[in-house]
Amino acid sequence: GDTVRTGRMNPMGHTRLPRYCRGRTGTVVLLHGAHVFPDARAAGLGEQPQWLYTVRFDARELWGADTTASSVCVDCWEPYLDAT
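First things first, this report covers the structure right here in the doc. Remember, it's a predicted structure, so these values are computed and weren't measured experimentally. (Residues numbered from 1 in each chain as written. Predicted model: local features only at pLDDT ≥ 70, side-chain atom pairs only at ≥ 80, totals over all residues. Heavy atoms only, no water.)

### Thoughts on the sheet that holds strand β1 (residues 3–6)
Part 1: Taking strand neighbours across the sheet as the criterion, the 5 strands line up as β4-β3-β2-β1-β5 in an open arrangement whose pairing is antiparallel. The open sheet has two edge strands with one neighbour each: β4 (71–77) and β5 (81–83). The mean angle between the axes of side-by-side strands here comes to 40 degrees, regardless of whether they run parallel or antiparallel.
Part 2: Direction of pairing for β1 relative to β5: antiparallel, over a ladder of 3 bridges. Residue Arg5 lies in a different strand from β5, and its bridge partner there is Asp82. (Pairing = 2+ DSSP bridges. Helix = DSSP H or I, 4+ residues; strand = E, 2+ residues; numbered from the N terminus. Axes fitted to C-alpha atoms, helices over the stretch in contact; angles between N-to-C directions.)

Here you go:
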C-alpha cells in the first residue's frame, strides 16, 4: 500500500524498468521477495539479490487524461523505487 516514485534513469546498460513508467508515482500492491537483480547480473556483477514489488500505476499518470485504460501493474526492483 506504500506510495512510491520510480527513478528517472537512462542507463547505458540493461534495466527492467519500462521507460513509460520512469519518474512516475504508483502504489505497491505485492511483494515478491528478494531475487537475483537482472541489472547487476547483466553487467557481470553477480546476483546481488534485491526486493521485487508489483507497483500499480494509474493509467492517467502514465499516458494522460485521454487514455482508455484504468491502471497498469509493473514489477519493479527496489533500486528503481523511492518512497514518497
